[in-house]
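Coordinate inspection notes
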Amino acid sequence: MKIIFFLPAGVIEYPIPEAQQAAFHFGQIATQIRMAGYFMADNLYLNHAYIVGMSFSPDDAPPPLR
């Protein structure tokens, strides 16, 4: 499971930690990023203003074509 962030300079794939996968909800993450103005995880900080788009990819599915 991972979140794919589309940025002006490229793409960042963030694997969702196993401990968080059972309670993971993509809509809630997107809402939290919008409200807080950023996404932050271990060694990763993304300002909302620079996130062009987001996508969710389960382990067994390829990311969508753009």
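Scroll up for the structure.
Predicted model, so just to flag it, every value in this text is computed and none were measured. (Residues numbered from 1 in each chain as written. Predicted model: local features only at pLDDT ≥ 70, side-chain atom pairs only at ≥ 80, totals over all residues. Heavy atoms only, no water.)

**Regarding a nonpolar patch on the surface**
The line we're drawing: For patches, a residue must show more than 30% relative accessible area and have no salt bridge; joins then use 9 Å for like charges and 5 Å for nonpolar side chains, namely Val, Leu, Ile, Met, Phe, Trp and Tyr. Only the protein chains shown count as cover for residues, and the accessible areas themselves come from Shrake-Rupley with a 1.4 Å probe. Salt bridge criterion: a side-chain nitrogen from Lys or Arg within 4 Å of a carboxyl oxygen from Asp or Glu. Under the DSSP-based scheme used, a helix requires at least four consecutive residues in state H or I and a strand at least two consecutive residues in state E, with every element numbered from the N terminus. Each residue is placed in one exposure class: buried if its accessible area under a 1.4 Å probe, protein chains only, is under 20% of its type's maximum, exposed if it is over 50%, and partly exposed if it falls in between.
Where nonpolar side chains cluster on the molecular surface, the patch consists of Tyr38, Met40 and Tyr45 and spans about 340 Å² of accessible area. In this structure, Tyr38 sits in strand β3 (residues 38-41). Classification of Tyr38 by relative accessible area gives partly exposed; the value is 33%.

**Some points on the nonpolar core**
Quick reminder of the rule: Only buried Ala, Val, Leu, Ile, Met, Phe, Trp, Tyr and Cys residues count toward a nonpolar core, and they belong to the same one when joined by side-chain atoms within 4.5 Å.
Ile3, Phe5, Tyr14, Phe39 and Leu46 are the most contacted members of the largest nonpolar core, which has 13 residues in total. Going through the elements one at a time, β1 (2-7), α2 (26-36), β3 and β4 (44-47) are the ones with two or more residues in this core. If you tally residues by element for this core, the top one is β1, at three residues.

**Concerning the pattern of salt bridges**
Across all of its chains, the model carries one salt bridge by this definition. The shortest N-O distance in the salt bridge between Glu13 and Lys2 comes to 3.0 Å. One end of the pair, Glu13, is in strand β2 (residues 10-15); the other, Lys2, is in strand β1, and 11 residues separate them in sequence. Relative accessible area serves as the criterion here: at 44%, Glu13 is assigned to the partly exposed category.

**A look at the sheet that holds β1**
This is how it is decided: In this description, strands pair whenever DSSP reports at least two bridges between them. To get an axis, fit a line to the C-alpha atoms, keeping to the stretch in contact for a helix; angles then go from 0 to 180 degrees between the N-to-C directions. In what follows, residue pairs with any heavy atoms lying within 4.5 Å of each other are defined as contacts.
A sheet is described by the order of its strands in space; here three strands give the open sequence β2-β1-β5, paired in antiparallel fashion. Among the strands making up the open sheet, the edge pair consists of β2 and β5 (53-57). On average, each strand axis in the sheet is tilted by 20° relative to the strand beside it, whichever way the strands run. By the bridge criterion, six bridges tie β1 to β2 in an arrangement that is antiparallel. Note that in β2 the partner of Phe6 across the bridge is Val11. α2 contacts β1 and β5 of the sheet and is inclined by roughly 155° relative to β5.

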